[in-house]
Amino acid sequence: MNTLNRVIVVLMLLTAIPVCSVLLITPVELARLLQSASGAVIEILNQIRPEIRYGVGILLALGLDALLILWLLFEVRPPRRIVRVPAVSGAIVAVAVDSIRERLKYHLDQLADVIEVHPRVIPHREGLRVELDVLTTPEVEIPTKAGEILQMARMVVEDKMGLRLYGQPVVRIRHAPYPKGGPRPAPPATH
């Protein structure tokens, strides 16, 4: 749904830019054009019998309303809160998204130099998308720690829970502030 929303917003903006420009630059000419066009449309519609005009209008309105109501329902429906485990035979097994999030948080909090983890688990048909916001100590080596976090997340989701990851997990690392006075410089080497 996000992609559809973005496409619609982009199309609306691309339409609004020239319309607003024309409206602001030539308002009088645009008003005259709209007046003559509306007069022509009224003339054409007056030639159609009222019962046909109303009948077609009602059908079009009902169809458009149905589409808009469906769109609205897709927008306000709650996200999926459970994920099916594909590797179990003989039964249908589902795991709550909150349980996956809590398990990731528990295991990732155990890693050295990790102060706090906020996992985000997004179910997809093909698997789970995982995003991790991690707070670490200030002196951590980012590439090493990111690899360790990814390895633990994969182990928890794929090995321990039997689920599939969809796409690449996202790890956002933020350092805790240095203690007052900043980091201590390394003592000079003595020979």
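Refer to the structure above for everything that follows.
Residues numbered from 1 in each chain as written. Predicted model: local features only at pLDDT ≥ 70, side-chain atom pairs only at ≥ 80, totals over all residues. Heavy atoms only, no water.

**A word on the nonpolar core**
The biggest cluster of nonpolar side chains holds 23 residues, and the ones touching the most others in it are Ile100, Leu104, Leu108, Leu128, Leu132 and Leu163. Looking at this core, the elements that each hand over two or more residues are α4 (97-109), β3 (114-124), β4 (127-136) and α5 (142-160). When residues no more than four places from it in sequence are discounted, the contact partners of leucine 128 are Val83, Ile100, Val121, Ile122, Pro123, Val157, Leu163, Arg164, Leu165 and Tyr166. (Core = buried A, V, L, I, M, F, W, Y, C linked by side-chain atoms within 4.5 Å. Buried < 20%, exposed > 50% of the residue type's maximum accessible area, 1.4 Å probe, protein only. Helix = DSSP H or I, 4+ residues; strand = E, 2+ residues; numbered from the N terminus. Contact = heavy atoms within 4.5 Å.)

**Examining the side chain of glutamate 131**
With respect to the helices and strands, glutamate 131 occurs in strand β4. Glutamate 131 has contacts with His118, Pro119, Arg120, Ile122, Val170 and Arg172, leaving out every residue within four places of it along the chain.

**Considerations on the sheet that holds β3**
A sheet is described by the order of its strands in space; here 3 strands give the open sequence β3-β4-β5, paired in mixed fashion. This sheet does not close on itself; its edge strands, each paired only once, are β3 and β5 (170-175). Along the sheet, successive strands turn relative to each other by an average axial angle of 15°, direction set aside. As defined by bridge partners, β3 adjoins β4 across 10 bridges and the pair is classed as antiparallel. Across the sheet, the residue bridging to proline 123 is leucine 128, located in β4. The strands touched by α4 within the sheet are β3 and β4, with β3 carrying the most contacts at an inclination of about 150°. (Pairing = 2+ DSSP bridges. Axes fitted to C-alpha atoms, helices over the stretch in contact; angles between N-to-C directions.)

**Things to note about α4**
In this model, α4 (13 residues) spans 18 Å end to end at C-alpha, consistent with the 18 Å of a helix rising 1.5 Å per residue. Taken residue by residue, α4 has Val97, Ile100, Leu104, His107 and Leu108 as its buried positions. The buried residues of α4 all sit within an arc of 100° when viewed along its axis, so they share a single face. Opposite the packed face of α4, turned more than 90 degrees from it, sit the exposed residues Glu102 and Tyr106. In this structure, the buried side of α4 is in contact with β1 (82-84), β2 (94-96), β3, β4 and α5. (Expected span 1.5 Å × (residues − 1). Arc of directions from axis to C-beta.)

**Focus: the pattern of salt bridges**
Considering all chains together, one arrives at 9 salt bridges under this definition. Of the charged contacts, one joins arginine 172 and glutamate 131 as a salt bridge, the two residues approaching to 3.2 Å between their closest N and O atoms. Here the residue arginine 172 occupies a position in strand β5, and glutamate 131 occupies one in strand β4, the gap between them amounting to 41 residues. Ionic contacts of the salt-bridge type, sharing partners, join the residues Arg120, Arg129, Glu131, Asp133 and Arg172 into one network. (Salt bridge = Lys/Arg side-chain N within 4 Å of Asp/Glu carboxyl O.)

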